[in-house]
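Overview (structure and organization)
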Amino acid sequence: MTSFETEWLTDELRGPFDALAATDVYGSATEAWRMLRGLRVEWHNEQEIVNINAVLAEQILARAPGRLAAAGLGDLLLNNPGTTLDAPAITARLAQYGLRRVTRVDGRAVDGPHPGARHHRVAPF
């Protein structure tokens, strides 16, 4: 704890750290430091997001591999500013990229996630 306070806790970080150490938050500087040491922060790098988008695109778009389908969808989005791009509008524009929505065996288009499923944001290209 002493090493943290003398070597890492800058004047700029003192206020936020003291707020964490407050009685109504973690109760002490030692507990706040223990919590911070146990905190794991993770974010996806750009390549992981590209790969995730490719897998998602491949599940709902046909006639191109996932990465190309995702790139085409990204181009469609970027080249239609000020346009409402809901599912029907996007579907209507897919042909210009050589794409179409995947259809199920019963002939219905794949609509994406089930209404009760968590929604995922597709990252920009």
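Owing to the predicted nature of the structure, the values given are computational and were not obtained by experimental measurement. (Residues numbered from 1 in each chain as written. Predicted model: local features only at pLDDT ≥ 70, side-chain atom pairs only at ≥ 80, totals over all residues. Heavy atoms only, no water.)

Bringing the overall build of the chain into the picture now. Broken down by element type, the chain carries six helices and two strands. Sequence-ordered secondary structure for the chain, helices as α and strands as β, is α-α-α-α-β-α-α-β. The buried share among the 125 residues of the chain stands at 19%. Pairs at least 24 residues apart make up 37% of the contacts formed inside the chain by residues separated by at least 6 positions. Of the roughly 9500 Å² of accessible surface on the chain, 56% is carried by carbon and sulfur atoms. (Helix = DSSP H or I, 4+ residues; strand = E, 2+ residues; numbered from the N terminus. Buried < 20%, exposed > 50% of the residue type's maximum accessible area, 1.4 Å probe, protein only. Contact = heavy atoms within 4.5 Å. Areas by Shrake-Rupley, 256 points an atom, 1.4 Å probe, with all protein chains shown as cover.)

Moving on, we come to unusual backbone geometry. Phi angles above zero are rare outside glycine, and Arg63 is one such case at about 85 degrees. In this fold, Arg63 is placed in the loop between strand E1 (61-62) and helix H5 (66-78).

Where helix H4 (residues 46-60) meets H5, the axes come as close as 7 Å, and the angle between the chain directions of the two elements is 95 degrees. In this view, H4 runs roughly perpendicular relative to H5, as classed from their interaxial angle. Across from Gln47, Val50, Asn53, Ala54, Ala57 and Glu58 in H4, the residues of H5 making contact are Gly66, Arg67, Ala69 and Ala70. A breakdown of the residues in the contact of H4 with H5 according to their chemical character gives five nonpolar, three polar and two charged. (Axes fitted to C-alpha atoms, helices over the stretch in contact; angles between N-to-C directions. Parallel < 35°, antiparallel > 145°, perpendicular 65-115°, else oblique. Nonpolar A, V, L, I, M, F, W, Y, C, P; charged D, E, K, R; others polar.)

On the surface, a nonpolar cluster with roughly 400 Å² of combined accessible area is contributed by Leu39, Val41 and Trp43. In this fold, Val41 is placed in the loop between helix H3 (29-38) and H4. Its relative accessible area of 60% is what places Val41 among the exposed residues. (Patch = residues over 30% accessible without salt bridge, like charges linked within 9 Å, V, L, I, M, F, W, Y side chains within 5 Å. Salt bridge = Lys/Arg side-chain N within 4 Å of Asp/Glu carboxyl O.)

With that settled, consider the packing of aromatic side chains. A complete count under the given rule lists two aromatic pairs for this structure. Ring centres of Phe4 and Trp33 lie 4.0 Å apart, and the angle between their planes is 20 degrees; this geometry places the pair in the stacked category. Taken as a pair, Phe4 in helix H1 (residues 2-8) and Trp33 in helix H3 lie far apart in primary sequence, 29 residues in all. On the basis of relative accessible area, Trp33 is assigned to the partly exposed category, the value being 22%. Members of the aromatic cluster, connected to one another through ring pairs, are Phe4, Phe17 and Trp33. (Phe/Tyr/Trp six-rings, centres within 6.5 Å; stacked < 30°, edge-to-face > 60°.)

Turning next to H5. Between the first and last C-alpha of H5 there are 18 Å, a value that for 13 residues agrees with the 18 Å anticipated at 1.5 Å per step. Every buried residue belonging to H5 is among Gly66, Ala69, Ala70, Gly72, Leu73, Gly74 and Leu76, and all of these are buried. Contact partners of the buried residues in H5: H4, E1 and helix H6 (87-93). (Expected span 1.5 Å × (residues − 1).)

Another aspect to go through is the packing of helix H2 (residues 11-21) against H3. At a closest axis distance of 8 Å, the pairing of H2 and H3 adopts a crossing angle of 105 degrees. Relative to H3, H2 is oriented roughly perpendicular. Of the residues in H3, those touching H2 at Phe17, Leu20 and Ala21 are Ala29, Ala32, Trp33, Met35 and Leu36. Grouping the amino acids of the contact of H2 with H3 by side-chain chemistry returns eight nonpolar, no polar and no charged.

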